Amino acid sequence: MSKKFANVKTNLPGPKAKEILDRRHNIVPGGVSYGVPTFVDTAKGALLKDVDGNQFIDFAGAIGVNNVGHSHDNVVSALQDQAEKYIHTGFNVMMYDPYIEFAEKLAELAPGSFDKKVMFLNSGAEANENAIKVARKYTERQAVVSFTGGFHGRTLMTMSMTAKVKPYKFEYGPFAPEVYHAPFPYNYRRPESMSEDAYADYLLKQVEDFFITEVDPSQVAAFIMEPVQGESGFIIPNKKFVQGVYELCKQHGILFIADEIQTGFGRTGKYFAMEHFGVEPDLVTVSKSMAAGLPISGVIGRQEVMDGTGAGELGGTYCGSPLGCRAGLAVLEVMEEENLNGRGAAIGQKVMEKFSTMYDRFDAIGDYRGLGAMCALEFVKDRSSKEPDKEMAPQVLKEARERGLIALKAGVYDNVVRLLMPLVITDEQLEEGLDILEEAIEAATASVKV
Ligand SMILES: Cc1ncc(COP(=O)(O)O)c(C=O)c1O
C-alpha cells in the first residue's frame, strides 16, 4: 500500500525520542501512562510529526479533544489575540466577556427548551464533580447513581462514580459514600434470547428494583450517564433505555446529568449526543473538544438548578480561563463554518462501511459499532462464545503505530479499538488511516495466533 501521509522511518522510539523517553522514565511516575512511545514535534489537522521526523495519521485526537484538528488556524489566532490582551485575571476577581459569550452560546446549543445557566471549570472530572455539587444542593439529597461501565474521571467523587475497577479504582479506596451503580445495556453482550427492546425493558425493571434493594429514590439527587460510554468501548444504549431512565428521574424528582465530555461537539454527528436519544438533561457536562486542547470544561444546566448555589460555593482559580473561552468560541465558529456535525456523520458512515468489510475478513472482530464518528471494533477469541481477546487490541495498535497510525484502546475487557479522529481529517487521510488499520489487524491476527 502506498502511503502519502503516514511515514514512519525509524523504529519507535526513534533515537531522539529514546533519549527523552529515558529522561521521562526517570522523572515521571509510571501511573501516568502513555500509548505511543515517542514525543510530538508538531501537529496540524489530523497529522502529527514526532521529534525524529516520523509522521502519523491521528485517529486518537488526544482522546477526543481535537474534533477541530490540531492547531486549527482560527483557534491559534484567537489564542494569540487573547494572549496579547490579557492571559488571566481570574473570573472570580476581574471578569471578562469571552466567558459570558461562550456561556451564552453553549446554553443556546445544549439540548433542553428551558432557560439555562453555564459555569466553567478546568477538566472533565471537575465538571462532573461540580454537576454533583449543584445537584445535591438543589435537591437537598445525597445519593448519586452512575452506570456499570461508566467513566467520569479520576478525582475522588468521579473515581467513585466510575465503574471499572482496574486501573481506575484498584487499591484507591475508600470511595465517596452514597454513590450507586445501576446496570447499563451492553447490547452486543446481552442474553441471546432477548431482543434489544426486551433487554432495555429488563434493565429498566432492574433500575426500578434497584430503588428497593439499593437506595430509595427519594434520597437520589442525580443519575449521571454517558450517552455513549467512551472508556468502556463505545457502548451505545438503546433509546428506550435512556428515555426510560429519564422518565424514572422525572417521576422521582431526580436530576438527569449527561456526561458529554467525550461525546460532545460533533463526535456523534451532533453538538450533543443526547440529541440522538430525545431527552433533555437537567445538567450537561462538557470538556475535551469544546476548546481544541485548552484545559477547560463546563456545566450547562437548568437555570433554577444552577441557581441553587450560593456565592463562593462554586469556582476555582483557573476556571473558565480567557484562553479556554476564546478557544471555545473559535471551536464553535469552526464547527459552524466547516459543518463539522455533518462531517462527523459522514466520517462515521465511511468508517462503518470499512468496518463491515473488515468484519467479513477477520473472525477476530466480534462486533463493530458506531454513532456518528464514535466508532469501535471489539475483538473476541471466538464469535460464538464472544470471549474477549485482550491481546488483539494492543497488538493491533502497535502494528498500526509502526505503520504510522495512532488509535486508542478501550473496553470493559480491554479488547476494543476506538477511533476519535479529528473531524477535519480529509477523505484521503481517513482512507489511508483505515487501510493501515486493516493491515494492522491482518498483521496482529498472524502474530497473536503464532
Ligand atoms: C465521559 C468522560 N467523563 C469524564 C472524563 C474525565 O475528564 P478529564 O480527564 O478531563 O478529567 C472523561 C475523560 O476521558 C470522559 O471520557
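Residues numbered from 1 in each chain as written. Predicted model: local features only at pLDDT ≥ 70, side-chain atom pairs only at ≥ 80, totals over all residues. Heavy atoms only, no water.

(A) Broad picture of unusual backbone geometry. Pro 13 follows Leu 12 through a cis peptide bond whose omega is -10°. Tracing the backbone shows Pro 13 in the segment before helix 1 (15-27). Along the chain, Gly 173 connects to Pro 174 via a cis peptide bond; the corresponding omega equals 0°. With respect to the element layout, Pro 174 can be found in the loop between helix 6 (156-161) and strand 6 (179-182). One non-glycine residue, Ala 62, adopts positive backbone phi at about 55°. In this structure, Ala 62 sits in helix 2 (residues 61-64). One non-glycine residue with positive phi stands out, namely Glu 140, at about 55°. Within the element layout of this structure, Glu 140 appears in the loop between helix 5 (124-139) and strand 5 (143-147). (Helix = DSSP H or I, 4+ residues; strand = E, 2+ residues; numbered from the N terminus.)

(B) Region of the structure containing helix 5. Taking 1.5 Å per residue as the helical rise, helix 5 with its 16 residues ought to reach 22 Å, and the 23 Å between its terminal C-alpha atoms agrees with that figure. Every buried residue belonging to helix 5 is among Gly 124, Ala 125, Ala 127, Asn 128, Asn 130, Ala 131, Ile 132, Val 134, Ala 135 and Thr 139, and all of these are buried. One or two residues past the end of helix 5 sits Glu 140, with phi positive at roughly 55°. (Expected span 1.5 Å × (residues − 1). Buried < 20%, exposed > 50% of the residue type's maximum accessible area, 1.4 Å probe, protein only.)

(C) Structural detail: a nonpolar patch on the surface. On the surface, Leu 156, Tyr 172 and Phe 175 cluster together into a nonpolar patch covering about 310 Å² of accessible area. You can see Leu 156 is positioned in helix 6. (Patch = residues over 30% accessible without salt bridge, like charges linked within 9 Å, V, L, I, M, F, W, Y side chains within 5 Å. Areas by Shrake-Rupley, 256 points an atom, 1.4 Å probe, with all protein chains shown as cover. Salt bridge = Lys/Arg side-chain N within 4 Å of Asp/Glu carboxyl O.)

(D) Spotlight on the site of the ligand. Close contacts around the ligand come from 13 residues, with Gly 124, Ala 125, Asp 259, Gln 262 and Lys 288 the closest. Within the side chain of Asp 259, a nitrogen or oxygen atom sits 2.7 Å from a nitrogen atom of the ligand. One nitrogen or oxygen atom from the side chain of Lys 288 is found 3.0 Å from an oxygen atom belonging to the ligand. Of all the elements, helix 5 adds the most residues to the shell around the ligand, at 3 residues. In the shell around the ligand, the residues fall into 3 nonpolar, 6 polar and 4 charged. (Near = heavy atom within 4 Å. Polar contact = N/O pair within 3.5 Å; in protein donor to acceptor, adjacent residues only side chain to side chain. Nonpolar A, V, L, I, M, F, W, Y, C, P; charged D, E, K, R; others polar.)

(E) Examining the sheet that holds strand 6 more closely. Sheet architecture is open: 7 strands sit in the order 4-10-9-8-7-5-6, paired in mixed fashion. Strands with a single pairing partner mark the edges of an open sheet, and in this sheet they are strand 4 (116-121) and strand 6. Within this sheet the neighbouring strands show an average axis-to-axis angle of 20°, counted without direction. Relative to strand 6, strand 5 runs parallel, the two being bridged by 4 bridges. The residue bridging Phe 147 from the neighbouring strand is Ala 182, located in strand 6. (Pairing = 2+ DSSP bridges. Axes fitted to C-alpha atoms, helices over the stretch in contact; angles between N-to-C directions.)

(F) Quick look at the nonpolar core. Within the largest apolar cluster, 92 residues are counted, with the highest numbers of intra-cluster contacts made by Phe 59, Phe 120, Leu 283, Phe 379, Leu 419 and Ile 441. Mapping this core onto the domain boundaries places at least three of its residues in each of domain 1 (15-58 + 340-449) and domain 2 (73-337). If near-sequence neighbours (up to four positions away) are discounted, Ile 441 is found in contact with Met 358, Phe 362, Ile 365, Leu 377, Phe 379, Met 392 and Val 396. Counting 48 residues, the second-largest nonpolar core is a separate cluster that includes Tyr 180, Phe 184, Ala 200 and Ala 376. (Core = buried A, V, L, I, M, F, W, Y, C linked by side-chain atoms within 4.5 Å. Domains from an automatic or database assignment. Contact = heavy atoms within 4.5 Å.)

(G) The arrangement of the packing of aromatic side chains in detail. Inspection of every chain in the model, using the stated rule, returns 18 aromatic pairs. When the ring of Phe 91 is compared with that of Tyr 96, the centres are 5.4 Å apart and the planes differ by 75°; the resulting orientation is edge-to-face. On the basis of relative accessible area, Phe 91 is assigned to the buried category, the value being 18%. A residue is classified by how much of its surface remains accessible, and Tyr 96, at 4% relative accessible area, is buried. Arranged with centres 5.5 Å apart and planes meeting at 85°, the rings of Tyr 246 and Phe 256 form a pair that is edge-to-face. Residue Tyr 246 is located in helix 8 (residues 239-252), and its partner Phe 256 is located in strand 8 (residues 255-259); the two are separated by 10 residues in the primary sequence. With respect to class, Tyr 246 is no different from Phe 256; both count as buried. Grouping aromatic residues by their ring pairs yields a cluster made of Phe 147, Tyr 180, Phe 184, Phe 210, Phe 211, Phe 223 and Phe 241. The side chain of Lys 169 reaches across the aromatic face of Phe 175, ending 4.9 Å from its centre. Above the face of the Tyr 359 ring, Arg 383 is positioned so that its terminal group lies 3.7 Å from the ring centre. (Phe/Tyr/Trp six-rings, centres within 6.5 Å; stacked < 30°, edge-to-face > 60°. Lys NZ or Arg CZ within 6 Å of the ring centre and 35° of its normal.)

(H) Region of the structure containing the side chain of Arg 418. For Arg 418, the location among the structural elements is in strand 15 (residues 416-419). Here Glu 231 takes part through its side chain, which lies 2.9 Å from a polar atom of the side chain of Arg 418. In contact with Arg 418, not counting residues within four places along its chain, are Phe 59, Ile 63, Gly 230, Glu 231, Phe 234, Gln 262, Cys 375, Ala 376, Ala 407, Leu 408, Lys 409 and Ala 410.

(I) The arrangement of the domain arrangement of the protein chain in detail. When the domains of the protein chain are assigned, the result is domain 1 (15-58 + 340-449) and domain 2 (73-337). Here the C-alpha centroids of domain 1 and domain 2 sit 26 Å apart. Contacts between domain 1 and domain 2 engage 33 residues on the former and 27 residues on the latter. Across the domain 1 to domain 2 interface the summed buried area is about 2,500 Å²; carbon plus sulfur atoms make up 55%. A per-residue breakdown of the area domain 1 buries against domain 2 is headed by Asn 341, Leu 371 and Met 374, which together make up 30% of the total. Counting the contacts that link domain 1 with domain 2 gives 4 salt bridges. Measuring nitrogen to oxygen at the nearest pair gives 2.7 Å for the salt bridge that ties Arg 189 to Glu 378. (Buried area = accessible area lost by both parts, 1.4 Å probe.)

(J) A look at the sheet that holds strand 15. If you trace the 4 strands from one edge of the open sheet to the other, you get 11-12-15-14, paired in antiparallel fashion. Each end of this open sheet is capped by a strand with a single partner; those strands are strand 11 (365-371) and strand 14 (408-410). The average angle at which neighbouring strand axes cross in this sheet is 25°, direction not considered. Packed on one face of the sheet, helix 11 (residues 340-361) meets strand 11, strand 12 (374-379) and strand 15 and runs near 170° to strand 11.

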